[in-house]
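Summary of structural features
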Amino acid sequence: MKGYNKYLRPFFDNGPVTVGMSLDIASIDTISEINMDYTATIFLRQRWTDERLCFEGNKSLSLDGRLVELLWVPDTFIVDSKKSFLHDITVENRLIRIYPNGTVLYALRITTTVACSMDLTKYPMDKQTCTLQLESWGYNINDVMFYWTRGNDSVKGLNTLRLAQYTVEDHYTSVSEAVYETGRYPKLVFHFELKRNILYFILETYVPSILLVVLSWVSFWISQSSVPARVCIG
């Protein structure tokens, strides 16, 4: 690390640094219609090349996660996050791996609650599309460029998820830019579509309601002189 300045990004005088992203969705814990959000635990992996970290050899180096404080890392953040935290049992869940050509792999385990705007006009037969947006906070497109390392295959884990009220129908990724007063910033967006499972509501709401209505009409077939029976059924 002699002569290494973590406050200067790689390729400081030679164009933007490209950062590749990939995700593993470990779990989606809750999806709340009241708060319009969802809570998920994700493994976020970022790759970039820092020419200052090249070394001789043909094997990668896996370093202690606490050494991340000595390196330059992208200032990636989750755009619509309401609250997030990095897991730290038994140590902070970080991974740093450096390859001979200077490529750095930086992985994090994060639990985040993300806002998701929902259209509930067709509830409980609705479909919702939620997103997970990743942006650079301070570096604009002249400094940093984001890309998905394997396109739509950059996100894994959704195929094995089992949610209580929803089924994940489709998911895909996109690359765009965020435009603010301070400039244009790279953005990666992960979209996933959720379809609500109607069977639960049929068993818990529709069937009992139908049975109650049918039962209330039974009183019309009971003799008018059987007042106690009519009152009980009513």
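Just so we're clear, the structure is a prediction, and the values are computed from it rather than from any experiment.

Details of the state of the cysteines
Under the counting rule described, the total for this entry stands at one disulfide. The side chain of Cys-116 participates in a disulfide bridge whose partner is Cys-130; the two sulfur atoms lie 2.0 Å from each other. One disulfide, between Cys-116 and Cys-130, carries an S-S torsion of -85° and so falls in the left-handed class. In this pair, Cys-116 is assigned in the loop between β7 (103–115) and β8 (127–136) and Cys-130 in strand β8, connecting sequence segments 14 residues apart. The pair formed by Cys-116 and Cys-130 is uniform in burial state, with each residue classed as buried.

Comments concerning the side chain of His-191
Tracing the backbone through its elements, the reader meets His-191 in strand β12 (residues 183–196). Owing to a relative accessible area of 15%, His-191 belongs among the buried residues under this scheme. A distance of 3.0 Å separates a polar atom in the side chain of His-191 from a polar atom in the side chain of Ser-174. Here His-191 is in contact with Cys-130, Thr-131, Asp-170, His-171, Tyr-172 and Ser-174, once residues within four sequence places are set aside.

Regarding empty space enclosed by the protein
Counted according to the given criterion, the structure contains one cavity of 30 Å³ or more. Counted as a void, the largest cavity has a volume near 50 Å³. Lining of the largest cavity is provided by Ile-25, Ile-28, Tyr-38, Ala-40, Ile-42, Leu-132, Leu-158, Phe-190 and Phe-192. When residues of the lining of the largest cavity are traced back to their parent elements, those giving at least two are β1 (17–32), β2 (37–49) and β12. Sorting elements by how many residues they give to the lining of the largest cavity places β2 first, with three residues. Looking at the lining of the largest cavity residue by residue, the classes come out as nine nonpolar, no polar and no charged.

Rules used in this analysis
- Residues numbered from 1 in each chain as written.
- Predicted model: local features only at pLDDT ≥ 70, side-chain atom pairs only at ≥ 80, totals over all residues.
- Heavy atoms only, no water.
- Disulfide = S-S within 2.5 Å.
- Helix = DSSP H or I, 4+ residues; strand = E, 2+ residues; numbered from the N terminus.
- Buried < 20%, exposed > 50% of the residue type's maximum accessible area, 1.4 Å probe, protein only.
- Polar contact = N/O pair within 3.5 Å; in protein donor to acceptor, adjacent residues only side chain to side chain.
- Contact = heavy atoms within 4.5 Å.
- 1 Å grid on protein atoms, 1.4 Å probe; cavity = no way out; pocket = protein on both sides within 12 Å on 5 of 7 lines; lining within 4 Å.
- Points joined across faces, edges and corners; volume = space filled by probe spheres on them.
- Nonpolar A, V, L, I, M, F, W, Y, C, P; charged D, E, K, R; others polar.

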